[in-house]
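Commentary on secondary and tertiary structure
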Amino acid sequence: MAANLGFGALCLAFLVSLYGAAAAVVGAARHSAAWVGSARRAMLLTFPLLTVSALSLLYLLANGNYEVRYVASVTSSSMPLYLRLTALWGGQAGSLFFWSWLMAAFASAVMLRKWDRDGEFLPWVILVALVTLAFFLGLSIVVENPFVRTWHLGSGRPFYAMFPPLGAQIFRPANGSGLNPLLRHPGMIIHPPMLYLGFVSFVIPYAYAIAALITGRTDDRWMRVTRRWTLVAWLFLSLGLLLGGRWAYDVLGWGGYWGWDPVEIAAFMPWLTGTAFLHSVMIQEKRGMFKQWNMVLIILTYALVIFGTFLTRSGVLTSVHAFARSAIGPLFLGFISITFLGSLGLLVYRWNALRSDVEMTSIFSREALFLLNNLLFMSILVACFSGVVYPILSEGLGIVGDMIPAWADVFTGQQKTVGPEYYENTTGPLFAGLLLLMGVAPLAAWRHSTAKTLGRAIWKPTLVSLAVPLLALLGGMRHWAALLGFWLAAFVVAVTVYEFWRAAWARHQLHGEALPLALWQLAGRNRRRYGGYIIHLGVVLMAIGILGIEIFQTQTQGTLAQGETLALGEYTITFERLNVFDTTDGRNVARATVSVRRDGDYLGELYPRRDYYYEAQQPVTMPGVRSTLEDDLYVVLVDWQPISTLGATFKVYHNPLVNWLWLGGLVFILGTMVAAWPDHDPELRRAAQRKSAPEAAQA
Amino acid sequence: MERAGKPRLKFLIGGALIVTAVIYLIASSMSANAQYYYTIDELQARGGDPSGRSMRVLGAVIGDSIEYDPQTLTLRFTVANMPADTAEIERLGGLASVLHEAVSNPEATLLDVVYVGPKPDLLRNEAQAVMTGKVGEDGVFYADELLLKCPTKYEDTAPESAGE
């Protein structure tokens, strides 16, 4: 019953989206407010319809209706309720449906805003949102239906279909196979929805961009309207990436957080173009430049969002993430190609209308440095993309290797892959370049800035920041990349603090405000700018954490009898005891207790453990971690003897500074929230900016 | 106005320099780090890897062969040949049945693997293994990285545990 209701609502939502898309085109063509209004109502209707569908699926999941194939594949009777509910996005069919549901929610929210000042965009925004939605709903209905049930045809294998073939009986297994134990972790429960929220909210700025291209209203109105959407999208995407890293660190037990696997990169690529976009729209708003380029960036971001959803959900590339086997690959590629080429066509059509208002004049001006920033982000994107598609290219372009001997090793006609070293080698210097820019750009003036003026602004923070690598050098650090990295980090911090200080001091002098109040007022008045600086500080903290774990991670391993110790640097761990017991939720837990000492001082106990899930027949290794700002001690229980006194084997990692990565992540998110926080009266402020914009452009 | 052409040239030169540097960075890292990706049959046909560089090999794990020595953290197991091509796997009835076929086929080409490190959670019979490493003179594959995928229960969402 619930399955029929859910599927019915899903089909209805699909039809309504198709109708709405058509009505939007008719409305725009005939300039008919009635048709556009109807399209808008169709858009608004998709959300309640899909909510009915979602609630049905949630009911089936919570109720353990294992005759529904999806329910059986992601839940089992031993799972607690919250895990059964979050299994909504635990599998392919569910997560695609979940994508559509979020998309409908976001697009409906956009419909509810005031449209009186940009009514001409409305039908086209509806069109883009509904076509995207209809594509995903179509996939859900035809290929990846979460409501498909299992039937018995008298004898033989079970049969999966939405509706019963003649004479079939419904088949309800006693239990489902349950969610993969590795996914039963808080980080993994929030990680996919955050990524998906990031993905779907990037559709909104894209929809406006396309509306601007179609209507020819190519001023920066589309960008200003969607500025906050873009920031929110970016916020969710960043959160999703961070949570994924945290999950890997907590659960996968290899002492790392990021493995450069194609699926991670797939989520990272739209983040790269999105970040470049966030930076370059500022130049368009301030100086009326980069208009064509911003269109390119948002179109690319949309394509990469769809591509990312597709990569995580198809079988193209080998990865640590699971790739389901399904027929959706070609459909996705078709959809990406059509929308991408269509968008590029529109862009070419409007190319001349999108010319820059002014020419760039000075290499050291802020806009030139923003251009460089974009170039670096795009270079990272190209490096990532090349790595991801390299196996396909190497095999497919073997002929190039045959013709050009110098490239015979690159294009071999054989599948070749690149690993983490490739990504580290290529993106490392580029990220360092971005850090440097993060320090230099805030000091560069708009328009005219020479090496001399820039040098005058920069020498003080440079001098201050050089103290950090010097101290490290004196402390015995000889790793040049680390020294460079720490200098860059110190440099950005020095510049950013200097910027805050300078402006707060000016307010203090001018208005007589106390310094803390001045800082608060400052951030409140120009949220995007100071939010941006906070984000930069977050990035620096993250960079410190990454340098720490990437360069200075050490590890050891050993088998210990009870009471024996293992040393790693200043730390020693002592194997105290091992307990093996069953839990009520179907796990067999082997939990070791180790005590940690540093230079002989007792610090506490850690409990690395191995959970064996009976139902899934799968063990999950949970490390014991002692985490401080200085370093993490990360202990993995590798194996143990049946009689615990005989001993257990441990692998121990020492991860210096890694906590700064998570801390930096928090600062980063905080900064994004500051930047995205609604102004008191955005429409009024925008109107004021619009008025002053032409004057600024003429100046 | 007379100076308008000059900065543009500067930008073009600067941009071209940066783009060239980035292309060089990507190309050189790629040729230094690219690894061949073989099935076991392809590996046997080539008689090992001519370049002596590290490579990736795909195989189906034979459960009975798994041995683990916790003293030295040495893991030994045998993998059977399986196709790498997604379309072919699809045609043969999906990953689960391809892995099952590969493991039960007595004529499949086999490869012995040695890996030192914690035993990955997902290592079991009929798991798909992607191993990075080199073939030793004894014909054994010494892996420094091990990625596993188990499609049997979780067709849709199984992530893998990674070993280093």
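On a predicted model such as this, the values are computed, not experimentally measured, just so you know. (Residues numbered from 1 in each chain as written. Chains lettered and ligands numbered in written order. Predicted model: local features only at pLDDT ≥ 70, side-chain atom pairs only at ≥ 80, totals over all residues. Heavy atoms only, no water.)

A word on the overall build of chain A
Cut-off, in case you're wondering: Segments assigned H or I by DSSP are reported as helices when at least four residues long, segments assigned E as strands when at least two residues long, and all are numbered from the N terminus. C-alpha atoms define the radius of gyration, and 2.2 Å times the number of residues to the power 0.38 defines the globule rule. Residue burial is assigned from relative accessible area. The probe radius is 1.4 Å, only protein chains are included, and a residue is buried under 20% of its type maximum, exposed over 50%, and partly exposed in between. It only takes one pair of heavy atoms within 4.5 Å for two residues to be counted as in contact. All accessible-area figures derive from a Shrake-Rupley calculation using a 1.4 Å probe, and residue coverage is judged against the displayed protein chains alone.
Secondary structure summary: chain A contains 20 helices and 14 strands in total. Radius of gyration (C-alpha) of chain A: 28 Å, near the 27 Å computed for a compact globule of 699 residues. Principal-axis analysis of the C-alpha atoms places the extent of chain A at approximately 80 × 80 × 65 Å. The proportion of buried residues among the 699 residues of chain A is 59%. The long-range share in chain A, meaning contacts at least 24 apart out of those at least 6 apart in sequence, stands at 70%. Accessible surface, chain A: about 28200 Å² in total, of which carbon and sulfur atoms supply 66%.

A word on the sheet that holds strand β2 (residues 159-161) of chain A
All names here are of chain A. Applicable threshold: At least two bridges found by DSSP between two strands are what make those strands a pair.
Spatially, three strands are ordered β2-β1-β3 in an open sheet, and the strand pairing comes out antiparallel. The sheet is open, and its two borders are formed by β2 and β3 (169-170), each paired with just one other strand. Note that strand β1 (residues 149-152) and β3 share two bridges and pair antiparallel. Its bridge partner lying in β3, histidine 152 is registered against glutamine 169.

Here we look at the confidence of the model for chain A
Just so we agree on the cut-off: Values of pLDDT, the confidence the predictor places in each residue, fall between 0 and 100.
With 93% of its residues at a pLDDT of at least 70, chain A reaches an overall mean of 86. Note that pLDDT drops below 50 for residues 693-699 of chain A; the model gives that stretch three contacts with residues more than four away or on any other chain.

Overview of the pattern of salt bridges
Residues and elements named next belong to chain A. Spelled out, the test is: One side-chain nitrogen of Lys or Arg within 4 Å of one carboxyl oxygen of Asp or Glu is enough to make a salt bridge.
Throughout the structure, instances matching the rule amount to 18 salt bridges over all chains. Two residues, arginine 113 and aspartate 118, come together in a salt bridge whose shortest N-O distance is 3.5 Å. Taking relative accessible area as the criterion, arginine 113 reaches 21% and is therefore assigned partly exposed. Taking relative accessible area as the criterion, aspartate 118 reaches 0% and is therefore assigned buried. Linked by salt bridges that have partners in common, Asp220, Arg224, Glu285 and Arg528 make up one network.

Considerations on the sheet that holds strand β5 (residues 554-560) of chain A
Residue and element names in this part refer to chain A. Selection criterion: Here an axis means a line fitted to C-alpha atoms, over the contact stretch when the element is a helix, while the angle between two N-to-C directions is reported on a 0 to 180 degree scale.
The antiparallel open sheet is built from four strands, whose spatial order is β5-β14-β13-β12. Edge positions in the sheet fall to β5 and β12 (624-627), since each of these pairs with one other strand and no more. Strand-to-strand twist of the sheet, defined as the mean angle between neighbouring strand axes without regard to direction, takes the value 15°. Pairing of β12 with strand β13 (residues 631-640), which is carried by four bridges, proceeds in the antiparallel orientation. Across the sheet, residue arginine 626 finds its bridge partner in β13, namely leucine 633.

Some details on the environment of glycine 288 of chain A
All names here are of chain A. Relative to the helices and strands, glycine 288 is located in the loop between α9 (262-287) and α10 (291-312). Residue glycine 288 is classed as buried on the basis of its relative accessible area, which comes to 5%. Separated by 84 residues in sequence, glycine 288 and leucine 372 place their C-alpha atoms 17 Å apart. In contact with glycine 288, not counting residues within four places along its chain, are Ile283, Ser356 and Asp357.

Some points on unusual backbone geometry
All names here are of chain A. Even without being glycine, histidine 31 reaches a positive phi, approximately 50°. Relative accessible area serves as the criterion here: at 74%, histidine 31 is assigned to the exposed category. Backbone geometry at leucine 657 places phi at a positive 65°, although glycine is not the residue there. Secondary-structure assignment places leucine 657 in the loop between β14 (648-656) and α19 (659-676).

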